[in-house]
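A closer look at the structure
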Amino acid sequence: MVELLQANEIETDQWEQLIENSSVASFFQTPECYQFYASLTFLKPFLYGVAEDGKLKGIACGYVQAEGGKLKQFFSRRAIIPGGILLDKDIEPGSITALLEFLKKELHKRAIYIECRNFNDYSEYRPYFEKVGFIYQAHLNVIINTSDKKSFHQNISKSKKRQLKKSKEAGIIIKETKEKNEIKEFYKILLKLYKQEIKKPLFREEFFEKIVNLPDGHLFIAKLNEKVIGGIVCVSFRRKVFYEWYICGNKDLYNHLYPSTALTFTAIEYALENGYEKFDFMGAGKPNEIYGVRQFKEKFGGETVEYGRFLYVNNKRLYFLGENVIKFLSKF
């Protein structure tokens, strides 16, 4: 018998067992991550599950996000599922489609669209997503094998090695921190980057203040002459995967010293030294678009993969109208 579950009906021990039995598990589908989302004042997390004969077989864990004033919030409402949906290796196809239909129903009025951002290979599950109306969108990622330190050092490009040498010679120091003043300085640099270059919404400072206090959360900062000039936020998953979530460097004054290169290298070295299987860059753009960030990531010697995304539009009229409204409002 297939049973659909709300958050309060999902038992933690069964959730942990599901993580162990899944080939597509990630940090973003763990109880720790859901509790983190729930601790943030500006996010609205959701959690739905599916069980077969009383055994948990699938979970959809994510959040509804919107930003700006009332009008922009209305048109930017979206449900994001980082990492994709957690599925047991032996889940029945009917349970997958039942969970997806339940997800659509529960989020129909809360979000204009639902986006599953896959961090593992979901190709065997793709037909079930498409069966219930999800559209596959190609999206790349770069992953580094961190089980072999020698191979990693051999595969880094010569240009990245030169940049690392220059950073070191300049006296840049990388350290992990939980200090509020250092988090604040890092956030200022990151916010400027998002406003001027990336031009996408950024979580509030609260997100970064809280993530560093998670057992799985890490913030490494780059300092020069006691001044914060960049940082990288990472999360870890059960000694298996180390994820780069956010990274920035002060480009105005220190771009020539390559703080972002030094920070990325330090995070990968952390994964190597602490027994993680891989380092996940969490995205490298669309395959048919030139993307400088992807080129930056690939030069660390990782493998470029296409795990893609699944998109379901709850309200097509608002979705297409919203794109234009948000572009117009963003100008002001």
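Going by the structure above, here's the rest.
Below you will find a few notes about this structure. Remember, it's a predicted structure, so these values are computed and weren't measured experimentally.

Quick look at the overall build of the chain
Secondary structure assignment for the chain yields 13 helices and 15 strands. The globule rule puts the C-alpha radius of gyration for 332 residues at 20 Å, and the 20 Å found for the chain is close to it. Once the C-alpha set of the chain is aligned to its principal axes, its extents read approximately 65 × 50 × 40 Å. The burial tally for the chain puts 54% of its 332 residues in the buried class. Counted over contacts in the chain with a minimum sequence separation of 6, partners at least 24 positions apart contribute 74%. Surface exposure of the chain reaches about 16300 Å², of which carbon and sulfur atoms provide 49%. The distance from the centre of the 51 positive side-chain charges to the centre of the 42 negative ones in the chain is 9 Å.

Comments concerning the pairing of strand β6 (residues 113–118)
With five of its six residues buried, β6 lies for the most part within the structure. By the bridge criterion, six bridges tie strand β4 (residues 78–83) to β6 in an arrangement that is parallel. In the sheet register, Ile-81 faces β6, and the bridge partner there is Cys-116. Of the strand pairs in this sheet, β6 and strand β15 (residues 309–313) are connected by five bridges, and their pairing is antiparallel. Paired with Ile-114 across the two strands is Tyr-312, which belongs to β15.

Things to note about unusual backbone geometry
Positioned with a positive phi, Asp-53 is a non-glycine residue whose angle comes to about 50°. Its location among the elements puts Asp-53 in the loop between β2 (44–52) and β3 (55–65). With a phi angle near 55°, Asn-225 is a residue other than glycine that sits in the positive phi range. Summarising the element assignment, Asn-225 is placed in the loop between β10 (217–224) and β11 (227–237). Under the relative-accessibility criterion, Asn-225 is labelled exposed at 73%.

A word on the packing of helix α7 (residues 158–170) against helix α11 (residues 259–273)
Axis separation between α7 and α11 bottoms out at 9 Å; the angle between their running directions is 100°. The angle between the axes of α7 and α11 places the two elements in the roughly perpendicular class. Between α7 and α11, the contacting residues are Lys-160, Gln-163, Leu-164 and Ser-167 on the first element and Pro-259, Thr-261, Ala-262 and Phe-265 on the second. Across the contact of α7 with α11, the residue classes tally to four nonpolar, three polar and one charged.

Here we look at the side chain of Asn-141
Position of Asn-141 among the secondary structure elements: in strand β8 (residues 140–145). Side-chain polar atoms of Asn-141 contact the backbone nitrogen of Gly-283, separated by 2.7 Å. Beyond its immediate stretch of four places on either side in the chain, Asn-141 contacts Asp-280, Phe-281, Met-282, Gly-283, Ala-284, Glu-303, Thr-304 and Val-305.

Some points on the packing of helix α1 (residues 12–20) against helix α2 (residues 31–39)
It is the contact of α1 with α2, at a shortest axis distance of 10 Å, that shows an interaxial angle of 120°. As far as their axial angle goes, α2 and α1 are oblique. Between α1 and α2, the contacting residues are Thr-12, Trp-15, Glu-16 and Ile-19 on the first element and Pro-31, Glu-32 and Tyr-34 on the second.

Looking at the nonpolar core
Judged by nonpolar contacts, the single largest core of 50 residues is most densely connected at Phe-28, Phe-207, Phe-208, Trp-245 and Tyr-246. No other element matches helix α8 (residues 180–198), which puts seven residues into this core. Non-local contacts of Phe-208, meaning those with residues more than four positions away in its chain, are made with Ile-183, Phe-186, Tyr-187, Leu-190, Leu-202, Phe-203, Val-233 and Tyr-246. If you look at the next biggest cluster of nonpolar residues, it comprises 28 residues, including Val-24, Ala-79, Phe-102 and Tyr-125.

How each quantity is defined
Residues numbered from 1 in each chain as written. Predicted model: local features only at pLDDT ≥ 70, side-chain atom pairs only at ≥ 80, totals over all residues. Heavy atoms only, no water. Helix = DSSP H or I, 4+ residues; strand = E, 2+ residues; numbered from the N terminus. Rg over C-alpha atoms; globule rule 2.2 N^0.38 Å. Buried < 20%, exposed > 50% of the residue type's maximum accessible area, 1.4 Å probe, protein only. Contact = heavy atoms within 4.5 Å. Areas by Shrake-Rupley, 256 points an atom, 1.4 Å probe, with all protein chains shown as cover. Lys, Arg positive; Asp, Glu negative; His and termini not counted. Charge placed at Lys NZ, Arg CZ, Asp CG, Glu CD. Pairing = 2+ DSSP bridges. Axes fitted to C-alpha atoms, helices over the stretch in contact; angles between N-to-C directions. Parallel < 35°, antiparallel > 145°, perpendicular 65-115°, else oblique. Nonpolar A, V, L, I, M, F, W, Y, C, P; charged D, E, K, R; others polar. Polar contact = N/O pair within 3.5 Å; in protein donor to acceptor, adjacent residues only side chain to side chain. Core = buried A, V, L, I, M, F, W, Y, C linked by side-chain atoms within 4.5 Å.

On their own, these measurements won't tell you what the molecule is for.
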